[in-house]
Amino acid sequence: MIKNSLIIIGFLFISVVSFGQTKIEQLDKLIDLYTEYGQFNGSVLVAENGKVLYKKGFGLANMEWNIPNKANTKHRLGSISKQFTGMLIMQLVEAGKIVLDFPVTTYLTDYPKENGDKITIHHLLTHSSGIPNYTSFTNFRSLQRDYYSPKDFVKTFADSTLNFKPGAQFSYSNSGYFLLGVIIEEVTGKTYEEILQDNIFTPLKMNNSGYDHHNTILKNRATGYEKNGKSFINAPFLDMSLPYAAGSLYSTVEDLYLWDQALYTNQLLSKENMDLVFTPYIDGYAYGWGIGKELIGNKSDSTLVNEHQGGINGFHTIISRIPSDKNLVVLLNNTGHAPLVDMKNAINGILYGSDYKMPTKSLAIELMNIILEKGIQ
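Below: a short report on this structure. These numbers were taken from a predicted model, which means no experiment stands behind them. (Residues numbered from 1 in each chain as written. Predicted model: local features only at pLDDT ≥ 70, side-chain atom pairs only at ≥ 80, totals over all residues. Heavy atoms only, no water.)

1. Things to note about the side chain of threonine 105
Tracing the sequence through the fold places threonine 105 in the loop between helix H2 (82-94) and helix H3 (113-116). Separated by 2.6 Å, the side chains of threonine 105 and aspartate 117 make a polar contact. When residues no more than four places from it in sequence are discounted, the contact partners of threonine 105 are Tyr111, Pro112, Lys113, Gly116 and Asp117. (Helix = DSSP H or I, 4+ residues; strand = E, 2+ residues; numbered from the N terminus. Polar contact = N/O pair within 3.5 Å; in protein donor to acceptor, adjacent residues only side chain to side chain. Contact = heavy atoms within 4.5 Å.)

Here it is in structure tokens:
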């Protein structure tokens, strides 16, 4: 959800085809190398045909105490949280408590009418509302340490001039999903956290997932770090009331597998409404998911992929699904920005028996380390 300031300058890659190695051996070799080069530090799960093929932790969940990442390590998800918010909205649609084409002011009567009468629930879900993204505001970093109630924080962007007419185009906005959380609370009379637990986490037995609070003692929680030259520093503090329904959740790769499997059933939604969740709109964005087609492995035809990334102080995440084959890749990294799309693509190469790219050391980072150690001369 929240981008850090680190700029990664190009990686070099080589294509490989591995003969005589099992898929698990190839996955080990691939991710071990990403870890060795300082490009990944976190937890991985890969499922093939609906069954877990591979799950493992790499690097450290806590560097101060040398505690390793494992498959049950809890990571902050960032914007992967949006798909859970989208699901809650669709459950309320199915219950007849929300109508997708109704405006925001139907549910939040005190929201400024100039904007609220024009923006629908559908616009919020598909990032087509035109509401400016609050995490891009120049003063956002100065707000990060402060607690806000959801209704109070909405006031920071509710009166903003819209970037465009609602429905006219796509522009990623955490503000829209924050607003959806407030609507969920208004309609249900429960907190976002409570309804999330009642409607999704408890039914799916996602016992290692929840709304992250910095003051809670949470077993197996990863610490978030950011790269600082050749070493790491603790990520800047962020009060989790700010990401809220746009990016406040934590989970494990194991729990996200349970979530993935439930999406193939009608346990959470009817088939009709589940189809709506994964219907792409402007720029391929659905209700909390990016939907697109990719050439996977040696297939000649492109394959439909459901995917979303997340980024929040100290964490970078991705969940990628190939529904036609019930394949899943989940990567949760706790050292800030990582080349997760490249990793995911290589993992799919392994799954589908095609060429894939192994990482090499980043020339930019290697040069930076030499300069820091020996000086620019």
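2. Things to note about the pattern of salt bridges
Oppositely charged side chains can pair when the atoms bearing their charge come close. Applying the stated criterion across every chain yields a total of 13 salt bridges. Two residues, arginine 76 and aspartate 212, come together in a salt bridge whose shortest N-O distance is 2.6 Å. Of this pair, arginine 76 sits in strand E6 (residues 75-76) while aspartate 212 sits in the loop between strand E7 (210-211) and strand E8 (225-228), and the two are 136 residues apart along the sequence. You can call arginine 76 buried: its relative accessible area is 14%. Residues glutamate 294 and lysine 344 are paired through a salt bridge, measuring 3.3 Å at the closest nitrogen-oxygen approach. Taken as a pair, glutamate 294 in strand E11 (residues 290-294) and lysine 344 in helix H12 (residues 340-351) lie far apart in primary sequence, 50 residues in all. Residue classification places glutamate 294 among the partly exposed positions, given a relative accessible area of 23%. Exposure remark for lysine 344: the relative accessible area of 1% places this residue in the buried category. Salt bridges here are not isolated pairs; linked through shared partners, they connect Arg76, Asp212 and Arg221. (Salt bridge = Lys/Arg side-chain N within 4 Å of Asp/Glu carboxyl O. Buried < 20%, exposed > 50% of the residue type's maximum accessible area, 1.4 Å probe, protein only.)

3. Side note on the sheet that holds E11
Read across the sheet, six strands follow the order E3-E2-E14-E13-E12-E11 without closing on themselves; strand pairing throughout is antiparallel. At either margin of the open sheet sits one strand with a lone partner, and together these are strand E3 (51-58) and E11. Taking the axes of each pair of neighbouring strands and ignoring which way they run, one obtains an average angle of 15° across the sheet. With five bridges connecting them, E11 and strand E12 (residues 303-312) associate as antiparallel partners. Counterpart to glutamate 294 in the pairing with E12 is threonine 303. Its contacts with the sheet place helix H1 (residues 23-36) against strand E2 (42-48) and E3, and it is angled at close to 25° to E3. Against the sheet, H12 makes contact with E2, E3, E11, E12, strand E13 (315-322) and strand E14 (327-333), and its axis sits at roughly 145° relative to E14, the strand it touches most. (Pairing = 2+ DSSP bridges. Axes fitted to C-alpha atoms, helices over the stretch in contact; angles between N-to-C directions.)

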